Amino acid sequence: MARFDIELTPELRMYDLRLVQAESGRRLTYSQSAGGRRTATFVGTLADEITLLASNAFDGGLNANDRTRTN
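Residues numbered from 1 in each chain as written. Predicted model: local features only at pLDDT ≥ 70, side-chain atom pairs only at ≥ 80, totals over all residues. Heavy atoms only, no water.

Trainee: Looking at this structure, how should I read the overall build of the protein?
Mentor: A tally of regular secondary structure across the protein gives 1 helix and 5 strands. What you see in the protein, going N to C, is helices and strands ordered as β-β-β-β-β-α. Of all 71 residues assigned to the protein, the portion counted as buried reaches 20%. Considering only contacts in the protein between residues 6 or more positions apart, those separated by 24 or more positions represent 27%. On the protein, roughly 5,500 Å² of surface is accessible, and the fraction owed to carbon and sulfur atoms is 50%. (Helix = DSSP H or I, 4+ residues; strand = E, 2+ residues; numbered from the N terminus. Buried < 20%, exposed > 50% of the residue type's maximum accessible area, 1.4 Å probe, protein only. Contact = heavy atoms within 4.5 Å. Areas by Shrake-Rupley, 256 points an atom, 1.4 Å probe, with all protein chains shown as cover.)

Trainee: What exactly am I supposed to notice about the pattern of salt bridges here?
Mentor: Tallying each qualifying case throughout the model produces 3 salt bridges. A salt bridge links Arg 13 to Glu 7; its shortest N-O distance comes to 2.9 Å. In this structure Arg 13 comes out as partly exposed when scored by relative accessible area, which is 46%. Its relative accessible area of 46% is what places Glu 7 among the partly exposed residues. (Salt bridge = Lys/Arg side-chain N within 4 Å of Asp/Glu carboxyl O.)

Trainee: Is there a simple way to explain the environment of Ala 57 in this structure?
Mentor: Secondary-structure assignment places Ala 57 in helix 1 (residues 44-59). Judged by relative accessible area, which is 22%, Ala 57 ranks as partly exposed. As for Ala 57 and Phe 4, which are separated by 53 residues in sequence, their C-alpha atoms are 9.7 Å apart.

Trainee: What should I look at first to understand the sheet that holds strand 2 (residues 12-21) in this one?
Mentor: Judged by pairing direction, the sheet is antiparallel, and its 3 strands sit side by side in the order 1-2-3 without closing on themselves. What marks the edges here is a single partner per strand, and that holds for strand 1 (2-9) and strand 3 (27-30). Adjacent strand axes in the sheet meet at a mean angle of 40° when their direction is disregarded. Against the sheet, helix 1 touches strand 1, strand 2 and strand 3, its axis set at about 110° to strand 3. (Pairing = 2+ DSSP bridges. Axes fitted to C-alpha atoms, helices over the stretch in contact; angles between N-to-C directions.)

Laid out in structure tokens, this is it:
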């Protein structure tokens, strides 16, 4: 569905995370892979919060590369 970056704390930023939607409609967030393994994983509550934030941004049309927005 989308790729996004997030700043979890001033000391920790995650880049190029993927927001995906399963056939059931459930949305999930995945980190990139390196050498066939995930570069990061998230505990359930944090994963849910990240996915909710990314979903809200996606559903609201928030896109840093969108040149059609006026504000």
